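The residues making up each chain are set out below.
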Amino acid sequence: MNVLPLVFTSGWASGINAYAVVLLLGIFGKTGMTDEVPASLQRTDVLIVAGVLFLCEAVADKIPYVDSIWDSVHTVIRPLTGAVLGALLAGQSGSLSDITAGVIGGSTALASHFIKAGTRMAINTSPEPFSNIVVSTAEDLGVAGIVTFAIFHPGAAAIIAAVILAAGLALLIFLWSRIRRFLRRRAQRREEKRLGPGARETAGAPPYR
């Protein structure tokens, strides 16, 4: 079987929650549900580390502003994970060049990561925290569902991932104005912290509540 659909889907999912993808693929391989997963991902130590980091992300990703900091830290980690997973999956199947698979997995992960991070910035402009919890939970369930589906129906899962990726890009463009306001407000707060607690009142603006 050509492993390209699985590489694409795992790359897309890695841009949203890389640790969940590593954990799921490792479990599927270790339990014998698929032969596409390399032995390096099935190691017990890899599964434990991925599980712990997944739990950390599950908490951090649901807290307003903390989620954006977490996304910033993972700007390199998620695409790198997508590239490594792609190369490992290609090496296991032998049906696709490792370099090609790495590029596909990494670039897809980078695209979905920027969509996730940008969308979360827009959500953080909302004063209530519930939207962060709802969106984060939906992302976790979506990644788990599509990666699981990709093990059994890789072609169909890749099509679903591509549609979600395109829809996310369209949503990100739509929300760009809110994202710009978020970045501008955050930069203003940093400047006020640098100048001192009375900087905003001195400028004639009401203090933040």
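Once a new chain begins, its residue numbering starts again from 1 and follows that chain's sequence as written. Selection of residues for local features in this predicted model requires a pLDDT of at least 70, selection of side-chain atom pairs for listing and counting requires 80 or more, and totals for whole chains, interfaces and linings are taken over all residues. Side-chain numbers come from the whole structure's heavy atoms, not from hydrogens or water.

Chemist: Any chance you could explain the packing of helix α1 (residues 4-30) against helix α5 (residues 130-152) here in plain terms?
Modeler: Geometrically, a packed helix pair is captured by the angle between its two axes and the distance between the axes. Axis lines are fitted to C-alpha atoms, over the contacting stretch for helices. Their N-to-C directions set the angle, which ranges from 0 to 180 degrees. Helix and strand definitions follow DSSP, with helices as H or I runs of at least four residues and strands as E runs of at least two, each counted in order from the N terminus. Contact pair α1 / α5: the axes reach a minimum separation of 9 Å and the direction vectors enclose 80°. Overall, the two elements α1 and α5 adopt an arrangement that is roughly perpendicular. Contacts between α1 and α5 pair L6, T9, W12, A13, I16, N17, A20, V21, L24, L25 and F28 from the former with E139, D140, V143, A144, I146, V147, T148, A150 and I151 from the latter. Of the residues in the contact of α1 with α5, the class split is 15 nonpolar, 3 polar and 2 charged. Small angles under 35 degrees read as roughly parallel and large ones over 145 as roughly antiparallel, with 65 to 115 read as roughly perpendicular and the rest as oblique. Here, two residues are considered to be in contact whenever any of their heavy atoms come within 4.5 Å of each other. Residues were grouped as follows: Ala, Val, Leu, Ile, Met, Phe, Trp, Tyr, Cys and Pro as nonpolar; Asp, Glu, Lys and Arg as charged; and all remaining residues, including Gly, as polar.

Chemist: Honestly, the pattern of salt bridges in this entry has me stumped. Any pointers?
Modeler: Two side chains carrying opposite charge are able to pair once their charged atoms lie near each other. By definition here, a salt bridge exists when the distance from a side-chain nitrogen of Lys or Arg to a carboxyl oxygen of Asp or Glu is within 4 Å. Under the counting rule described, the total for this entry stands at 9 salt bridges. With a closest N to O distance of 3.1 Å, R120 and D61 form a salt bridge. Here R120, found in helix α4 (residues 98-123), pairs with D61, found in the loop between α2 (44-60) and α3 (66-93); they are 59 residues apart in sequence, far enough to count as distant. For the exposure calls, accessible area comes from a 1.4 Å probe over protein chains only, and a residue counts as buried if that area is under 20% of its type's maximum, exposed if over 50%, partly exposed in between. Taking the relative accessible area as the measure of exposure, D61 reaches 1% and is therefore buried.

Chemist: Hey, could you run me through the packing of helix α6 (residues 154-174) against helix α7 (residues 176-195) in this one?
Modeler: Running from N to C, α6 and α7 point in directions that differ by 60°, and their axes come no closer than 5 Å. Looking at the two axes, α6 sits oblique to α7. Residues L172, I173 and F174 of α6 form the contact with α7, whose participating residues are W176, S177 and I179. Partitioning the contact of α6 with α7 into residue classes produces 5 nonpolar, 1 polar and no charged.

Chemist: Would you explain the nonpolar core in this entry?
Modeler: Formed by 37 residues in total, the largest nonpolar core has its most connected members in V3, W12, V21, L25, V143 and V147. Elements supplying a minimum of two residues to this core: α1, α2, α3, α4, α5, α6 and α7. Residue contributions to this core peak at 12 residues, all from α1. Setting aside its immediate chain neighbours within four residues, V147 contacts A13, V21, L24, L25 and F28. Among the buried residues, those of types Ala, Val, Leu, Ile, Met, Phe, Trp, Tyr and Cys that are joined through side-chain atoms within 4.5 Å form a nonpolar core.

Chemist: Help me understand unusual backbone geometry in this model?
Modeler: Phi at Y65 is positive, roughly 70°, even though this residue is not glycine. By secondary structure assignment, the location of Y65 is in the loop between α2 and α3.

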